[in-house]
Amino acid sequence: MKASVAETQAISFFHTHISPSAVELATQVLQSGWISEGVMVKRFESALSERLGLRNPVAVNSGTSALHLALALVGVGPGDEVILPAQTFVATGLVILMQRATPVFADIDPMTGNLAPASIAERISPRTKAVIPVHWAGYPCDMDEINELAARHGLAVVEDAAHALGATYKGRPVSSISRFTAFSFQAIKHLTTGDGGALCCLDEADARAAFSRRWFGIDRPNSRPSILGEREYDIDALGYKYHMNDLAAAVGLGNLEDFPQRLARRQQIASHYRKHLENIPGLQLLRLDDDRTHAYWLFTVLVERREDFIRKLAGNGIPASVVHLRIDHNSVFGGLRGDLSGQEAFNQCQLAIPVHEGLSAEDTHRIITTIRSGW
Ligand SMILES: Cc1ncc(COP(=O)(O)O)c(C=O)c1O
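This structure is a prediction, so every number in the text was calculated from the model and none was measured.

### Describing the side chain of S21
With respect to the helices and strands, the residue S21 is situated in helix α1 (residues 20-32). Looking at S21, its side chain comes within polar contact range of the side chain of E257, at 2.6 Å. Among residues more than four places away in sequence, those in contact with S21 are G254 and E257.

Structural data, given as structure tokens:
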């Protein structure tokens, strides 16, 4: 007998993983009485570079802060233009406005959701200062082409890797390719600190500047309190209150312990989907080149009659979501652009199905058989 929806265990779309070590380390921090930025933030940063190969990670309080700090360090300001895709979360565009610069939307490849280098080239002007490629769903952009263009035109590249922790490009971890790379450790990301992020810097001097400007522009390790009690410092560049605190860092450090296994599980589920969801009328898989690895924060597919598909899955206790639609329509960005045909095509049919370590083999089987039975 077929189980009713009520009897079928509902599958979650995202999975917030808190490991036992995260609880233990967070408890240690709470009991220590020191919950502000301290030794745990350093330990988390060291672990990010030692275990995941991240380049000079500077821990901050969100992915948005990491992106904004990067633009501030690049010196993006009024009159400058910054190229980005519309296929992202609003944070990517808002940080450009925070610097009083102009977001310029370039088109994406509808088979990946990522910026198309040819479209970036078309939008470069004498006012362009930077480009922000977003690794949609965790799949790395064409970074060689983007960095070549950027070098030719003197642009800074700030990778928005909010979805891409653990992804690699031509054998290198994302974070070791462009001048800046921003990660997010927000609640539903595959590594969470509650809220948090990291700005990775190729250049040590950028990392030193990021360390100081994440905390008001004060060089924390090299400034000491005077006899009067306050630190002695001279702020010479605008700083922010973007530092990560020890409580968040403890959660991140604990969750990092089994991150490689959890990432591998996501990749294994995704391969299973790719094998069993091939050649289904009305559904297309995105392109996957073998020179890069996907971090699978999302498993995005292209589907016809998207709302019917969502209803069919929902009827079987399976959630599906676009997660983020294009952002250019927001009034703050000036309204919907009409010159992004790849974006338009992607926006019409992109949809993500669950991919996370909380899924059992029965769950993935149910997802596959439900989709294969049509909608
Ligand atoms: C592509 C992208 N960039 C930036 C961010 C901002 O990250 P945070 O929420 O940590 O500020 C997000 C968050 O979901 C995102 O999806």
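### Some words on the packing of aromatic side chains
If you walk through the whole model with that rule in mind, you get nine aromatic pairs. Note on F13 and F14: the rings are 4.8 Å apart at their centroids and 80° apart in plane angle, and the pair reads as edge-to-face. Given the relative accessible area of 26%, F14 is considered partly exposed. A ring pair is formed by Y273 and F299, whose centres lie 5.1 Å apart and whose planes are at 65°; its orientation type is edge-to-face. Separated by 26 residues along the polypeptide, Y273 in helix α9 (residues 259-276) and F299 in strand β14 (residues 299-303) bring together distant segments of the chain.

### Quick word on the pattern of salt bridges
Overall, the coordinates contain 22 salt bridges when judged by the stated rule. Across the salt bridge formed by D142 and R292, the nearest N and O atoms sit 2.7 Å from each other. One end of the pair, D142, is in the loop between β6 (128-131) and α6 (143-153); the other, R292, is in strand β13 (residues 292-293), with 150 residues separating them in the sequence. Taken as a pair, D142 and R292 share a single burial class, namely buried. Among the ionic pairs, R311 bridges to D308, the shortest N-O distance being 3.2 Å. Here R311 pairs with D308, and both are found in helix α10 (residues 306-314), just three residues apart, close to one helical turn. For D308, a relative accessible area of 34% gives the class partly exposed.

What counts as what
- Residues numbered from 1 in each chain as written.
- Predicted model: local features only at pLDDT ≥ 70, side-chain atom pairs only at ≥ 80, totals over all residues.
- Heavy atoms only, no water.
- Helix = DSSP H or I, 4+ residues; strand = E, 2+ residues; numbered from the N terminus.
- Polar contact = N/O pair within 3.5 Å; in protein donor to acceptor, adjacent residues only side chain to side chain.
- Contact = heavy atoms within 4.5 Å.
- Phe/Tyr/Trp six-rings, centres within 6.5 Å; stacked < 30°, edge-to-face > 60°.
- Buried < 20%, exposed > 50% of the residue type's maximum accessible area, 1.4 Å probe, protein only.
- Salt bridge = Lys/Arg side-chain N within 4 Å of Asp/Glu carboxyl O.

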